[in-house]
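Residue strings, one per chain:
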Amino acid sequence: MVLAPFRRTRDLREIIKRLEGKVAKLEEEKKVLSETLNKERRRLEEETKKQRLEYERIVEELEEKIDRYENNLEKCKRLIEWYEKSLKEYESRIASLEDGLRRRENELERRLRKERVLKQELISSKRSARKLKERLERERVEEKELSTSLENIIRKIFMKLVEKEFDNPIREFIDEIIEGSELYEISLKSKRGAIYHPDLDGSIAASLIAQYLLERYHDFPKIFGSFYRNLKENIQRFCKENDLEDLFLLDLLPIEYEKIIPLTQGLKRLTIITDKERNSYNTERIEVIGASDNNKSTSELTYDYLKKKGFKGNNAERLVELAIMSHGKQPDEEAKTIQYSLELIPQLSEPLIFELAEHGKINDERVWRLMDCCFSVASQAVRLISRSYETLYEGESGVLIHSPISFFYGLNLSDIRREKGKNAIGIKFDGDEIIVIGRCKNKEDAETLEKYLQKITPRINIVHQDYIIANCPRDSERELILNLKEYCMREK
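Each chain carries its own residue numbering, running from 1 in the direction its sequence is written. The predicted origin of the model limits local features to residues at a pLDDT of at least 70 and limits the giving and counting of side-chain atom pairs to 80 or more, whereas totals for whole chains, interfaces and linings rest on all residues. Each side-chain value is worked out from all heavy atoms of the structure, with water and hydrogens disregarded.

Student: Is there a simple way to explain the nonpolar core in this structure?
Tutor: In these notes, a set of buried Ala, Val, Leu, Ile, Met, Phe, Trp, Tyr and Cys residues joined through side-chain atoms within 4.5 Å is what counts as a nonpolar core. Think of it in three bands: with a 1.4 Å probe and only protein chains considered, a residue is buried below 20% of the maximum accessible area for its type, exposed above 50%, and partly exposed in between. If you look at the biggest cluster of nonpolar residues, it comprises 53 residues, and the most contacted ones within it are Ile204, Leu208, Phe220, Leu250, Ile338 and Leu348. Not counting the four nearest positions on each side in its chain, Phe220 is found in contact with Leu183, Ile186, Ser187, Ser190, Ala210, Leu214, Ile353, Phe354 and Ala357. With 22 residues, the next largest nonpolar core counts Ile427, Val436, Leu449 and Tyr487 among its residues. Any two residues whose heavy atoms approach within 4.5 Å at even a single point are treated as in contact.

See below:
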């Protein structure tokens, strides 16, 4: 009985010990669980933090989207309001247009009824206009035929008057004078040639070249008087037939180099002297002497050119003075006689050149007799045509005339220019065209006239620095005459 408490105490201690062991074990488990719990808590906290950041980011994006949607919503509301307003305006305009359209339809119906009536009148008018046009065409043809027949009659009368003074035809007489010259024999062997415009200026320029060649080389060039229209063909034939090495082109229109140069490839040298040239085209083989910066005649340019080469000449200064007279200076009797004779019979330039080159003047009495007769006939022509024209306008700067005859027109205009001291412009109706010829006092006035004509037509030919020819359409008659009147009425 005494051992019973001791056992209970021992049992209690064992129980306590076991309990303590369990407590220790539980504390270890608690510690492990605490550590696990802490780890899990930290993990959860990190995940929570990430989720919170992600959530905040999503929230911010949603807030931005909401803001944009709200802005767009406001814009849409404003647009809806604007569209609604515009719709009301368009509806109002449509209603107005429909009303206008109804009025327009009514008006068009009324006009349609009128046009049906006008159509019938137009058909009738077209028939009348066709008849009027046919009559106008017949009148223009008759006018052209009349003008041409008048010119032909005048030419025939003049030639008969001239030929009446001589037993032989003019051409045979000129050939007789040329073939009787010793210079003609010299020129047959020459390798040098000159193509010139057979007026006073061109002929004197050719005589100066001939004098120079005689003086320096004892050689007289083969000469040929050419008009502008056949220049290309004349150069080609002249070079081919005469086997030339050196060629002078004198007082001719501005050269179309791309067409002319290939024709002269066989020449050693080509010299172009002209007061009508505005450009230059110089190479080792080609020399161009032009008058782009002055108003010198071709003869003056030729004389200046030859003096640099030591040319002395025989009465050369007087010959140049004669040529200058054909450029607007008051001519003396000798200049008038030669100029009018060449206008009437250009072939006279050949004996003229032979005489001037050999003697510095005309010695052959037969040539003078022929020229005196030509001058008399040409003077009659000028007087006759002067009576045939009418003065349309005369102002401070110019005189505008109209004539149905163009024969000797240039001389008439030159006479008017000298007599009045003003620019002289002539017009002539030629079928569907109006021909305008201007003889101006100087280069500046000619350039001004060119500007006035350019308002009407691009077909303007600058024959000389103060000489213009233009072809204008017939239907521009009213505007053309008004422009020419304004030109004549300009203040000096």
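There's more to say after this.
Student: When you look at the pattern of salt bridges in this model, what are you seeing that I'm missing?
Tutor: Opposite charge on two side chains lets them pair, provided their charged atoms get close. We define a salt bridge as a contact between a side-chain nitrogen of Lys or Arg and a carboxyl oxygen of Asp or Glu at a distance within 4 Å. Taken as a whole and judged by the stated rule, the model has 21 salt bridges. When the shortest N-O distance is used, the salt bridge between Asp99 and Arg102 registers 3.6 Å. With Asp99 and Arg102 both in helix H1 (residues 4-164), this residue pair falls 3 residues apart, about one helical turn. When its relative accessible area of 31% is taken as the criterion, Asp99 is described as partly exposed. A residue is classified by how much of its surface remains accessible, and Arg102, at 44% relative accessible area, is partly exposed. Working definition: helices are DSSP H or I runs of at least four residues, strands are E runs of at least two. Numbering for both runs from the N terminus.

Student: Explain the sheet that holds strand S2 (residues 222-225) here, please?
Tutor: As a general point, the strands of a sheet are linked pairwise by backbone hydrogen bonds and lie either parallel or antiparallel. Two strands qualify as a pair provided DSSP detects at least 2 bridges between them. Strand order in the open sheet formed by 5 strands is S2-S1-S3-S4-S5, with parallel pairing between adjacent strands. Each end of this open sheet is capped by a strand with a single partner; those strands are S2 and strand S5 (286-290). Strand after strand, the sheet turns through a mean of 10 degrees between neighbouring axes, direction not considered. Bridge count for strand S3 (residues 246-250) against strand S4 (residues 269-274) is 5 bridges, and the pairing is parallel. Following the sheet pairing, Phe248 is matched in S4 by Thr271. Note on definitions: angles span 0 to 180 degrees between N-to-C directions of axes, and those axes are lines fitted to C-alpha atoms, for helices only across the stretch in contact.

Student: Is there a simple way to explain the environment of Ser203 in this structure?
Tutor: Looking at where Ser203 falls in the secondary structure, it is placed in helix H4 (residues 200-217). What makes Ser203 buried here is its relative accessible area of 0%. It is 7.5 Å that separates the C-alpha atoms of Ser203 and Leu352, two residues lying 149 residues apart in sequence.

Student: I keep staring at the pairing of S3 and nothing clicks. Help me out?
Tutor: When a strand is regular, its side chains alternate between the sheet's two faces. Of all 5 residues that make up S3, 5 are buried, and the element is covered over most of its length. Across the two faces of S3 the burial is the same, with Asp246, Phe248 and Leu250 and Leu247 and Leu249 all buried. Sheet analysis places strand S1 (residues 192-196) next to S3, joined by 5 bridges and oriented parallel. If you follow Ile195 over to S3, its bridge partner there is Leu249.

Read these as geometric descriptors, not functional statements.
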